[in-house]
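Tertiary structure, described
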Amino acid sequence: MLHPFPTISDQKQVQPWAITPDATALEQLARGIWDGAAQTQQRPLVVLSTAGPLIGVRAALEKYRPQNLNPKIAFLPQVISFADWLEAAPGAWKFPKKQTDLERWLGVYTTLRKHPELQAWFKAESETGAWGLAQAIVEACDTLSKAVCPQLQKQIHALMQEDQAKQSNIGEVWGDQAQALLDMTVAKVYSGMARKVVDQETKVLLTFWRYTTSMSDPVFRNQFAMAAHLEAIAAAQEVNQARPLIWVETADPTLIDQEIIGNLLSEYAQYAPVVEVKMNWRDVGLWSEAIDIEDDLQAKAQALSNAKRTQSKAWRLISAKCFEELAWAAAKTIEQHLIDGKTKLALVAQDRLVARRARALLARLGPALNIRDETGWKLSTTRAAAALNSWLELIKAPKDGPSAKALLEFLQNPFFDLGKVLNRDPDTCTGLIAELEDILVASKAESGWKTFHLAIEGAQDNAAKTLSNLPSAALLELLQFVRERHHEWLTLKVDCNQAYRLLQTNLQDTGMAQSLHQDSAGKQLLEVLKTFDLSKTQYQAASIRLSEWLSLLKTVVEGASYQEVGKEAQATLSILPLSSTRLRDFEAVVVAGCDEQQLPAYSEPPLFFSDALNQLLKTSTVAMQFVQQARDLSQLLVSCPKVDLLWQSKSNNGEPLRPAAWLQRLQNQLGWQAIPTQLKKRAFQSSPMDMAVAHFEEALPMPLSISPSAYKALRDCPYRYYVRSLLGLRKNKGFDEGFDASLAGQTLHKLLKRFYQALKTQEHTNPAIKTDQDQRRVWMEKSLTIHSEQEFAALIEGDARVMGTLRDWQKQIPSFIEWQLQREQAGWQYFDGEVKVGFDLPFKDAEGAPKTIRIEGFADRYDVQVGDNALASVIDYKNQRFERVKVRAEHLLDDPQLLIYARAANEEQENHKLTGHVVQQAEWVALKADLSKGDHKALRGQEVVDMPAMMQQFSEQITEDIEQLWAKKPMQAFAPEGVCQYCEARGICRKGIW
């Protein structure tokens, strides 16, 4: 039922008008506004209570513009949201200085920090919790302030009129009067509410409200803005230029808002015509709660009548069994609407997770579909925010330095300008970060500046030793750059202003500021950071801990929304909440999440406020939200030509779910049945996988050299060798695999070499230690302990966790010295350590042509026999327990590292220190012996049994293996489970599936 626009009268009162919120609602509103303009012969001011329908109302006004309009009113009426209208109040610069949300949070947080018991009461002991509590207190204080606004509204207007007459300074005289009036009103209301409050937390909140409330709070500034607008309309009336006001109530107001707006409109009506537009739900509401009729039976009858009149054939209720099926159903439904030629679509995100997943699926349609997310996409989820967060994680690292993970996450962020930092051509910096990551991963340098430097220096030494490419010299420059800025934060006496300035400097130095400015999300992030510029506020010198400031920064970024940049496209999909569909025009709407758990959805009540207290304060209650959502859904179903309602019939834990109660009631009334999702299923025939087998490509080059570890991989599993050594594929390793192969383990080898070299020197300068066993034992234990402390000192400086490895090793020293003395008694003497040795292996390729391949590696240690210097022994240290070393001895031919070093030492054509010696003994030495039975009984060495026979078998075996490799025979993945368990190639060969 249409209601004609009222006839504008000279009576100084608000004139009501109602429109029916159906498919013609925008047309009714537009024609009514033009009618009002024609009656008053003035361009009216149209103020909407919410901003959502702004574009739709303006488009409707343009579409339904009457013909032959008076040129005086030919321009579109001004349409503005209530919030924007208040922001545009005349003379706003005279109002008390506006405090930002950040300043208000800081004020409350400072008080909370002074009184830890307050945080304990509110259970917000952490810094993040305390900032959240500060936000909640500010929000709650604003709610309480709004409750006293009706009592202040007329007094504030009267004070402003008096000030205007006196031409006084509003910032001095009137501000003091207004503050006194506010204090008096707050004190009066406070005493009344405090008597009703028993809960301690609420009493604390009331105390905060009483002593932190000021005229600069947003709630009271809104009152100044209303008074300023009334002042302006009064002045316009005197020159016959007062514009009529059309107030459009797009959503049901709370009782307190209704009272405030009612007073505003009544006062405005004293100077110009005012029309208050409301929604008439009588002919639209599909449920009795959506219809404003006191008689419940009559409301139910009207709702039933409305439901039967609707175009229910345009509605579809679609059920899905699981989350993924629901998201696919939403995406496919929207895709079908696009195929049918619809270009203006909406996805109502009643279930936000489903909407996000559906969006990801729809993104594959390309640029032809413009997807606009209006649900409040968090800025913190963008890559720009992730880049900033990587820097924040780095600067809050301890004095010793960040973790390798934190360092690499920052260096790998796409906004970091490596060329600017190193003052080099960006092309020359390609691969530098990957090189640093490889070094840190290979050396297990998990954290600490010192550790990172040692890792790079170790890589340089190793490259020089193996004659391979040296790591880039720019790596140390890069580390030093980041370390200097980290040090700046550690030495900074943090206050809000200095922290902001230093962060801005960091963003400039790293090139991130320029990169972020070129990114849509990055530009918005920089705007959020500008709110931390407190240089002109009372909080600029506020002392704050770095962790507190970083927590605040993350809290603010987390609360910010990302606004997507619009773009031209053939069709537009708006993802929005149900409330944003009011007075919006869509060709088809898909509502995702229409089950009994998701619809209706209630917003969380503010902290400190129960539903009863909300009723007392006349703010939003659960009952009001229930009614509003019933009306929003009714309007959507009645006004939109195509509506698809999707729901998940089973919860994530498998329990059955029903459609929302509102939809069930419609089903009973209309005989409306749900239909299952109709996704096309692909039919395919599965076949079991066979064992993975690698077949050589003709162009694949064959290896000309092989290391002991590579040969072990070939023996363990030919397919593993093919993937690792021939294809060069490597697993993306992390930093959580302990210290066994870390810098700590490598350091043990280095310090043992230094120790034995020092022992040789000591024997020359102090011959007594050769004959006096007790003196020799004491010196060896003391010297090895000193060398251990010295070698581990740098590591511990970089990562204190290495201290545990050092202490474990120091416990082993007496037992290790005992083993060394026993070995010396057997006639063996240390000769050299960390020796690079190898040999050329002759073999024949597939055509029978003679070939050679280089077999080489680094031997940990060689000893010689005192009685016969021609006899030698090779030793390999294992940073393992003796039990694991024994297992190695049982599978010597599959891990013939010692045999390789023995043959390399015995080769006559080789030129090394061992030339002229014959290795006839080989031994593994465990560096983690079991000390439970005492130092003298700890087993440590495991000798190779029957060395000559093993050497003969090994020579025949390696020749055969290399010939098969060069013959390019298929390489099967046949390793036992013990090898496969930690194999890097398992994800490729799919062991476990076949």
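Quick note: structure is the one above.
The present account deals with the structure reproduced in this document. (Residues numbered from 1 in each chain as written. Predicted model: local features only at pLDDT ≥ 70, side-chain atom pairs only at ≥ 80, totals over all residues. Heavy atoms only, no water.)

1. Some remarks on the overall build of the protein chain
Selection criterion: Only DSSP runs of H or I with at least four residues qualify as helices, and only runs of E with at least two residues qualify as strands; both kinds are numbered from the N terminus onward. Burial status follows relative accessibility: with a 1.4 Å probe on protein chains alone, a residue under 20% of its type maximum counts as buried, one over 50% as exposed, and anything between as partly exposed. Residues are treated as being in contact if the distance between any of their heavy atoms lies within 4.5 Å.
Per the secondary structure count, the protein chain includes 37 helices and 20 strands. Here the protein chain holds 994 residues, and 49% of them are scored as buried. In the protein chain, once contacts between residues fewer than 6 apart in sequence are set aside, the share between residues at least 24 apart is 77%.

2. A few points about the pairing of strand β7 (residues 344–349)
Under the convention used in this document: DSSP-based pairing: two strands are paired if at least 2 bridges between them are found.
Among the six residues that make up β7, five are buried, leaving the element largely enclosed by the rest of the structure. Judged from the five bridges that link them, β7 and strand β9 (residues 571–576) form a sheet pairing that is parallel. Its bridge partner being in β9, K344 is matched across the sheet by T572. When β7 meets strand β10 (residues 588–592), the two strands line up parallel, connected through five bridges. In the sheet register, A346 faces β10, and the bridge partner there is V589.

3. Structural notes on the pattern of salt bridges
Side chains that differ in sign of charge can pair as their charged atoms come close. In plain terms, the rule: We define a salt bridge as a contact between a side-chain nitrogen of Lys or Arg and a carboxyl oxygen of Asp or Glu at a distance within 4 Å.
All chains considered together, the criterion is met by 39 salt bridges. A salt bridge links R485 to E484, with the nearest nitrogen and oxygen atoms 3.6 Å apart. Owing to a relative accessible area of 13%, R485 belongs among the buried residues under this scheme. The partly exposed category is assigned to E484, whose relative accessible area is 40%.

4. Points about the sheet that holds strand β1 (residues 15–19)
For clarity, the cut-off: Note on method: axes are straight lines fitted to C-alpha atoms, helices fitted across the in-contact stretch only, with angles between N-to-C directions ranging 0 to 180 degrees.
Spatially, five strands are ordered β1-β5-β4-β2-β3 in an open sheet, and the strand pairing comes out parallel. Of all the strands in the sheet, just β1 and β3 (78–81) have a single pairing partner and so form its edges. For this sheet, the mean angle separating the axes of adjacent strands, direction not counted, is 20°. Here strand β2 (residues 45–48) pairs with strand β4 (residues 245–248) via four bridges, running parallel. Paired with V46 across the bridge in β4 is I246.

5. Re the side chain of H787
Rules: The definition of a polar contact used here is a pair of N or O atoms within 3.5 Å, where within protein one atom must be able to donate a hydrogen and the other to accept one, and adjacent residues in sequence count solely through side-chain atom pairs.
With respect to the helices and strands, the residue H787 is situated in helix α31 (residues 773–798). By relative accessible area, H787 is classed as buried at 10%. At 2.8 Å, the side chain of H787 and the backbone oxygen of S783 are in polar contact. Excluding anything up to four places from it in sequence, H787 contacts L751, R754, F755 and A758.

6. What to know about the environment of A236
Residue placement: A236 occurs in helix α9 (residues 218–238). Separated by 35 residues in the primary sequence, A236 and Y271 place their C-alpha atoms 8.5 Å from one another. The residues contacting A236, other than those within four sequence positions of it, are Q241 and A242.

7. What to know about unusual backbone geometry
Working note: non-glycine residues mostly have negative phi, and peptide bonds are mostly trans. The residue after L599, namely P600, is reached through a cis peptide bond having omega 0°. The phi dihedral of Q41 falls on the positive side, at around 55°, and the residue is not glycine. With respect to the secondary-structure elements, Q41 resides in the loop between α1 (25–40) and β2. Under the relative-accessibility criterion, Q41 is labelled partly exposed at 28%. A positive phi is found at E834, a non-glycine position, where the angle reads about 55°.

Limitation: the analysis is restricted to geometry and does not speak to function.
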